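# Coordinates in review
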Amino acid sequence: MVRNRATGPRSRRGAAATVPRELVHRPTAEDILITSWRRLDETHFSLTAQWPHDHGYFTPSHGRHHLILTGETIRQAGLLISHTELGVPVGHHFVLGDLAYTTHPEHLAVGNGPTELTIEVTCSKLRMRAGAMTGGHFGMTIRKANGIVATGHSGVTVASPAVYRRIRGAQLSARHVQGPLPEPVPHGLTGSTKNEDVLIAPTDRPGRWLLRVAPGHAAVVNPANDHVPGMVLLDAAQQAARALTSPATFVPYAFGTEFRRYAERDVPCVIEAHLVPSAMPSTTTVRVTGFQEGAPVFVSTLTALDERS
């Protein structure tokens, strides 16, 4: 991955910087999407990013970049700005409240090499304490040379290690025992390229699955997490939406998720999907909800253009 040179860990106004993995919370270098950043003013920033054309997990679908790449780019951009420009120390914990984005499919085509992107970030609703952000909202526009690729936003809350220990104490000290991994639904039903990447397992009810996360899966499992990461839940939601409809024709362009609580690693997570009325003509909308012990963990809404459109 080509990156711009920099002289220090923080950006300077008008200067670009490289991105260490701890600033975007990814354990492997190949999963780092952001390549540089610079401050424009107190609440506006410009970033560059690069989407791979041959990533082992974020595999293109229908000749377009993987749907989750947009969400992961928004997540990484928010983390980077929080750490480098908004005073959040590395080691603090981020609680994702919501993540939503709308893509422009005509600009998602995969080329013969990586896709170079720019990202405009606007920070709002910032809550600061002692010079560090404790929460805020990030609005983003992702562009490539010939147009807007996506627009989106995320809302986060930040917890210090001490606060996080109070919130998650029992889970941090618990011994997690991985039970038998259920068999996946056939990968062709989810848009995945191989069964190892399938995050849902069948149940005896249509439109209902169990979350399955293979231990040690480098692309979706971060050993530092004491819970199931939000991006795993997003990918499980889009897999369920495609399994409910058709992976060949249901290719979402809009994706919004609200996170209600932590998804525990050692508690079964039921994934339910059903069709809901679409706000736009000639589109199909699916709502996906994840439950643990009967309580909603997340709710996702995905919208795709109808095939005839």
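None of these values were measured; they are calculated from a predicted model.

Here is what the cut-offs are and how they apply
Residues numbered from 1 in each chain as written. Predicted model: local features only at pLDDT ≥ 70, side-chain atom pairs only at ≥ 80, totals over all residues. Heavy atoms only, no water. Pairing = 2+ DSSP bridges. Helix = DSSP H or I, 4+ residues; strand = E, 2+ residues; numbered from the N terminus. Axes fitted to C-alpha atoms, helices over the stretch in contact; angles between N-to-C directions. Salt bridge = Lys/Arg side-chain N within 4 Å of Asp/Glu carboxyl O. Buried < 20%, exposed > 50% of the residue type's maximum accessible area, 1.4 Å probe, protein only. Core = buried A, V, L, I, M, F, W, Y, C linked by side-chain atoms within 4.5 Å. Contact = heavy atoms within 4.5 Å. Expected span 1.5 Å × (residues − 1). pLDDT = per-residue confidence, 0-100. Phe/Tyr/Trp six-rings, centres within 6.5 Å; stacked < 30°, edge-to-face > 60°.

Quick look at the sheet that holds strand 4 (residues 115–129) now. Pairing is antiparallel across the open sheet formed by 12 strands, whose spatial order is 1-2-4-5-6-3-9-12-11-10-8-7. If you trace the sheet from one side to the other, it starts and ends with strand 1 (34–39) and strand 7 (200–202), each paired once. The average angle at which neighbouring strand axes cross in this sheet is 25°, direction not considered. Here 10 bridges tie strand 11 (residues 283–292) to strand 12 (residues 295–305), and the two strands are oriented antiparallel to one another.

So, on to the pattern of salt bridges. Tallying each qualifying case throughout the model produces 11 salt bridges. Arg 26 is paired through a salt bridge with Asp 31; the nearest N and O atoms lie 3.2 Å apart. Just as Arg 26 is buried, Asp 31 falls in that class too. Among the ionic pairs, Arg 260 bridges to Glu 258, the shortest N-O distance being 3.5 Å. On the accessibility criterion, Glu 258 (44% relative accessible area) is partly exposed. Several salt bridges share partner residues, and in doing so they unite Arg 26, Asp 31, Glu 72 and Arg 75 into one network.

So, about the nonpolar core. Among the nonpolar cores identified, the biggest contains 68 residues, and Leu 47, Phe 138, Leu 211 and Val 288 are the most heavily contacted of them. With near-sequence residues (within four places) excluded, Leu 47 lies in contact with Ile 34, Ser 36, Trp 37, Ala 77, Leu 80, Ile 81, Leu 117, Thr 118, Ile 119 and Val 121.

What follows covers the pairing of strand 5 (residues 132–144). In terms of burial, strand 5 is a largely internal element, 11 of the 13 residues being buried. In this sheet, strand 5 lies alongside strand 4 in antiparallel orientation, the contact comprising 10 bridges. Bridge pairing in strand 5 places Thr 118 opposite Arg 143. Between strand 4 and strand 5, which pair antiparallel one after the other, the connecting turn spans two residues, and Ala 130 there sits at a positive phi close to 55°. Strand direction decides the pairing type here: strand 5 and strand 6 (residues 147–159), joined by 10 bridges, are antiparallel. If you follow His 137 over to strand 6, its bridge partner there is Gly 155.

So, on to unusual backbone geometry. One non-glycine residue with positive phi stands out, namely His 25, at about 60°. Within the secondary structure, His 25 sits in the segment before strand 1. In this structure His 25 comes out as partly exposed when scored by relative accessible area, which is 26%. Not every positive phi belongs to a glycine, and Ala 130 is a case in point at roughly 55°.

Before going further, it helps to spend a moment on helix 3 (residues 230–244). With 15 residues, helix 3 should cover 21 Å at 1.5 Å per step; its first-to-last C-alpha distance of 21 Å lies within 8% of that length. The buried fraction of helix 3 amounts to 12 of the 15 residues, a majority that puts the element mostly inside the structure. Inspection of helix 3 places Met 231, Val 232, Leu 233, Leu 234, Asp 235, Ala 236, Ala 237, Gln 238, Gln 239, Ala 240, Ala 241 and Arg 242 among the buried residues, and these make up the whole buried set.

The next thing to look at is the confidence of the model for the protein. Here the protein shows a mean pLDDT of 88. Residues at 70 or above account for 89%. The low-confidence segment residues 1–17, where pLDDT is below 50, has 46 contacts with residues more than four positions distant or belonging to other chains.

Let us look at the side chain of Arg 75. With respect to the helices and strands, Arg 75 occurs in helix 1 (residues 67–85). Once you skip the residues sitting within four places of it in the chain, Arg 75 turns out to touch Val 24, His 25, Arg 26 and Met 231.

What follows is about the environment of Val 276. By the secondary structure assignment, Val 276 is in strand 10 (residues 270–276). Classification of Val 276 by relative accessible area gives buried; the value is 16%. Remark: the alpha-carbon pair of Val 276 and Thr 303, spanning 27 residues in sequence, is separated by 9.8 Å. Apart from residues lying up to four places away in sequence, Val 276 is in contact with Thr 285 and Arg 287.

This paragraph deals with helix 1. Helix length check: helix 1, at 19 residues, gives a terminal C-alpha distance of 28 Å against a target of 27 Å (1.5 Å per residue), a fit within 8%. Of all 19 residues that make up helix 1, 19 are buried, and the element is covered over most of its length.

Turning our eyes to something else, we now look at the packing of aromatic side chains. According to the stated counting rule, one finds two aromatic pairs in the structure shown. Ring centres of Tyr 101 and Phe 255 lie 5.8 Å apart, and the angle between their planes is 55°; on these two criteria the pair is classed as tilted. On the criterion of sequence distance, the pair formed by Tyr 101 in strand 3 (residues 93–103) and Phe 255 in strand 9 (residues 252–259) is long-range, its members being 154 residues apart. When sorted by exposure, Tyr 101 lands in the same class as Phe 255, which is buried. Aromatic side chains Tyr 164 and Tyr 262 sit 6.2 Å apart centroid to centroid with 80° between the ring planes, which places their arrangement in the edge-to-face category. In this pair, Tyr 164 sits in helix 2 (residues 161–173) while Tyr 262 sits in the loop between strand 9 and strand 10, placing the two residues 98 residues apart along the sequence. Note on accessibility: Tyr 164 and Tyr 262 belong to one class, buried.

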